[in-house]
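What the coordinates show
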Amino acid sequence: MGVELLMVVNLNMQTKYVRDIRDPEHPYSLEQLSVLSEDSITLDDKLNRIIITFTPTIQHCSMATIIGLCLRAKLKECLPLHYKVDIRVSPGSHADEDSVNKQLNDKERVVAALENPNLRQLVDECLCSNEI
């Protein structure tokens, strides 16, 4: 299998893993709400890096960090440990873009958030896509 084909196969697998994550406020998946699409996922197998850029439904979305935590938690389950994951909101799509991006890519903040039982329960509910 060629390197380009392998990257496409891997990208399709990563898209499959995150496409059905449920939005925290709506009974729809992130893909159904156009928060996430195949084009918003970049995989670089050579650098062992995946970049996800998502677009919240509104500029003042209070759930943007929860959506990012859901993406990170799901990818942590699916990706080999050596992959670096960068999760960002699309440029200009959130009023507090810099702060959200900083929170989503700060390892200590992510660990602390996922140790919070209430946040962890919300993330787990979003990852259980059977209701969609």
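Looking at an unreviewed UniProt entry, the protein carries the name MIP18 family-like domain-containing protein, with the source organism given as Brassica oleracea var. oleracea. Regarding the protein, the relevant UniProt record gives this comment under Sequence similarities (unreviewed entry): "Belongs to the MIP18 family."

**Brief notes about the pairing of strand β3 (residues 84–89)**
Looking at chain direction, strand β2 (residues 49–54) and β3 are connected through six bridges and run parallel. Looking at the pairing, Ile 50 lines up with Val 85 of β3.

**Concerning the layout of surface pockets**
The calculated volume of the largest pocket comes to roughly 580 Å³. Taken together, 19 residues make up the lining of the largest pocket; nearest its centre are Arg 72, Lys 76, Tyr 83, Val 85 and Lys 107. Residue assignment for the lining of the largest pocket shows that the elements contributing at least two residues are α2 (64–78), β3 and α4 (107–115). It is α2 that provides the largest number of residues to the lining of the largest pocket, a total of five residues. For the lining of the largest pocket, the class distribution of residues is 10 nonpolar, one polar and eight charged.

Conventions used here
- Residues numbered from 1 in each chain as written.
- Predicted model: local features only at pLDDT ≥ 70, side-chain atom pairs only at ≥ 80, totals over all residues.
- Heavy atoms only, no water.
- UniProt positions renumbered as here; feature names shortened; annotations may be inferred.
- Pairing = 2+ DSSP bridges.
- Helix = DSSP H or I, 4+ residues; strand = E, 2+ residues; numbered from the N terminus.
- 1 Å grid on protein atoms, 1.4 Å probe; cavity = no way out; pocket = protein on both sides within 12 Å on 5 of 7 lines; lining within 4 Å.
- Points joined across faces, edges and corners; volume = space filled by probe spheres on them.
- Nonpolar A, V, L, I, M, F, W, Y, C, P; charged D, E, K, R; others polar.

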